[in-house]
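# Analysis of the macromolecular model
What follows is the residue order along each chain.
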Amino acid sequence: MGSAQYYYLNDSNKPQGPFTIEQMAALMLSGAVTQETKVALAGDANWKPLSEQPWVQNGQVVTGAGESAGFARGGVGVEPGPCPKCSHELTGWAVPHQCPSCGYRLRPASDSFWAYMMHSLRRMFSLRGRATRKEYWAFCVAMIPVTFLWFFLLLAGIVYMGMELFVADDFDYDKFMQIWPGMGMYIVVLYAMFCIPWFFLYGRRFHDLGLSAWWGALILTISTGSMYLIIPMTESFAENAMETIVPITETYIQNETAAGEAAARLVKEARDNGNEALAQDIMKKRRIDAALAQRELERDIEKQLNELYKNPQHTSLMLLSALSNIFSTLAGLAALVIGFIDSKRGPNKYGPSIKYPRG
């Protein structure tokens with residue numbers, strides 16, 4: 001059966017070939033031919049759909065005969081390649097579940113989504129081998145509860161800092177400068193721990209595409225760049241803001257407190273003299289003066305913030321953060337795109353291809 005050769009009709013009804021049965025199996029797996037493609041034995045004009053050929057059963061090409069019969073699952077001419085752990089050369093039409101030499105698990109126990117999920121979790125901290133699209137998305141689903149846990153820990157840290165800094169609605173700047181570096185490091189470390197499994201996943205996914213895992217490291221480095229600018233940018237902004245805005249606010253509070261106390265004394269004197277109309281006028285004028293003073297404070301703060309934004313150090317950090325956010329978005333898109341690219345056919349230096357073992 002393996003020596004027989006066949007032709008098939010392409011989309012323009014032109015014969016293509018000849019091909020052996022094994023080569024037809026490779027063409028079917030590549031998508032070049034389908035179950036409806038017309039096929040004929042060399043020298044025979046009797047064209048029939050591929051599905052009606054005697055060597056196709058249940059949509060798969062059968063190779064060999066008798067006890068040696070099996071389903072062809074890949075191309076021809078190239079063996080599946082070496083085990084990524086012990087370099088033992090694998091043979092056959094399909095990659096075995098485990099390496100016959102070292103026992104390393106090469107593929108999931110089955111083709112189910114759950115099996116791929118468990119397989120990806122077992123390799124959470126491994127760059128060895130390759131990861132198919134199915135394993136990539138199975139890992140993404142498995143990481144959903146981990147992502148929720150990460151958000152909870154991040155929120156818990158922010159709430160803790162807020163409880164430490166705000167006492168009776170009063171912001172404690174000195175305590176902020178003491179807590180923030182440690183809190184910022186907590187956020188960075190927490191984020192780094194969250195990213196580590198993704199680095200290994202991206203690495204194996206790039207291996208499946210025939211590329212180095214360093215591309216995965218580049219994606220994570222770029223996507224997390226803005227995170228590492230938070231601490232210096234926040235410290236710079238806080239120091240400059242407190243040096244300019246706090247004195248203005250303190251002066252406003254002192255003046256308004258004194259003006260309110262003075263107005264209260266005048267109202268009391270007017271009422272003691274039985275002049276309620278004068279007391280009402282004083283209170284009305286005080287409300288107007290308070291509103292004008294508040295507007296003046298807002299203008300002064302806005303002016304100081306505008307000056308702060310012009311500060312070269314803060315401006316450079318803002319620019320770096322903006323550029324980092326742009327590149328982070330592009331890196332995120334790249335991480336999404338690699339989840340849709342099909343596996344590179346056949347083995348490469350990173351190991352065998354589960355989906356296309358023989359190319």
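Residues numbered from 1 in each chain as written. Predicted model: local features only at pLDDT ≥ 70, side-chain atom pairs only at ≥ 80, totals over all residues. Heavy atoms only, no water.

When you go through the protein residue by residue, the secondary structure sums to 9 helices and 11 strands. A total of 359 residues make up the protein; the buried ones form 36% of that total. If you take every contact in the protein between residues at least 6 apart in sequence, the share linking residues at least 24 apart comes to 57%. (Helix = DSSP H or I, 4+ residues; strand = E, 2+ residues; numbered from the N terminus. Buried < 20%, exposed > 50% of the residue type's maximum accessible area, 1.4 Å probe, protein only. Contact = heavy atoms within 4.5 Å.)

Let us now look at unusual backbone geometry. The residue Ser87 is not glycine, and still its phi comes out positive at about 70 degrees. Assignment of secondary structure puts Ser87 in the loop between β8 (81-82) and β9 (89-90).

This paragraph deals with the pattern of salt bridges. All told, the structure shown has 11 salt bridges when counted by the stated rule. A salt bridge links Arg204 to Glu135; the nearest nitrogen and oxygen atoms lie 3.2 Å apart. A residue pair is termed long-range when its members are at least 10 positions apart, and Arg204 in helix α5 (residues 173-208) and Glu135 in helix α3 (residues 133-142) qualify at 69 residues. Taking the relative accessible area as the measure of exposure, Glu135 reaches 0% and is therefore buried. For Arg299, the salt bridge goes to Glu296, with nearest N and O atoms at 2.7 Å. With a gap of 3 residues between them, Arg299 and Glu296 both fall in helix α8 (residues 276-309), about one helical turn apart. Given the relative accessible area of 47%, Arg299 is considered partly exposed. Glu296 gets classed as partly exposed once you look at its relative accessible area, which sits at 37%. (Salt bridge = Lys/Arg side-chain N within 4 Å of Asp/Glu carboxyl O.)

Attention now moves to the side chain of Ser353. With respect to the secondary-structure elements, Ser353 resides in the segment after α9 (312-337). Residues contacting Ser353, with those up to four places away along its chain left out, are Pro80, Val95, Arg130, Ser343, Lys344, Gly346 and Pro347.

Attention now moves to the confidence of the model for the protein. Reading predicted coordinates in detail is not appropriate for stretches of low pLDDT. For the protein, the average pLDDT comes to 81, and 81% of its residues sit at 70 or higher. Per-residue pLDDT, averaged within each element of the protein, yields its smallest value for strand β7 (residues 70-71) (46) and its largest for α3 (94). Taken as a whole, residues 65-77 scores under 50 in pLDDT and shows 39 contacts with residues more than four places along the chain or in a different chain. (pLDDT = per-residue confidence, 0-100.)

We now examine the sheet that holds strand β1 (residues 5-9). Pairing in this open sheet of 4 strands is antiparallel, and the strands run β2-β1-β3-β4 from one edge to the other. Looking at strand neighbours, the two that pair on one side only are β2 (15-20) and β4 (48-49), the edges of this open sheet. By the bridge criterion, 3 bridges tie β1 to strand β3 (residues 38-41) in an arrangement that is antiparallel. Its bridge partner being in β3, Tyr7 is matched across the sheet by Ala40. (Pairing = 2+ DSSP bridges.)

Before going further, it helps to examine the nonpolar core. In this structure, Tyr136, Phe139, Trp150, Trp198, Tyr202 and Ile219 are the most contacted members of the largest nonpolar core, which totals 24 residues. If you list the elements that add at least two residues to this core, you get α3, α4 (144-165), α5, α6 (214-223) and α9. A total of 11 residues in this core trace back to one element, the largest contributor, which is α5. Setting aside residues up to four positions removed in sequence, Tyr202 forms contacts with Tyr136, Gly216, Ile219, Leu220, Ala335 and Ile338. (Core = buried A, V, L, I, M, F, W, Y, C linked by side-chain atoms within 4.5 Å.)

In terms of strand pairing, β1 meets β2 through 4 bridges, oriented antiparallel. The residue bridging Leu9 from the neighbouring strand is Pro15, located in β2. Hairpin connection from β1 to β2: 5 residues lie between these consecutive antiparallel strands, with Asn13 at a positive phi of about 60 degrees.

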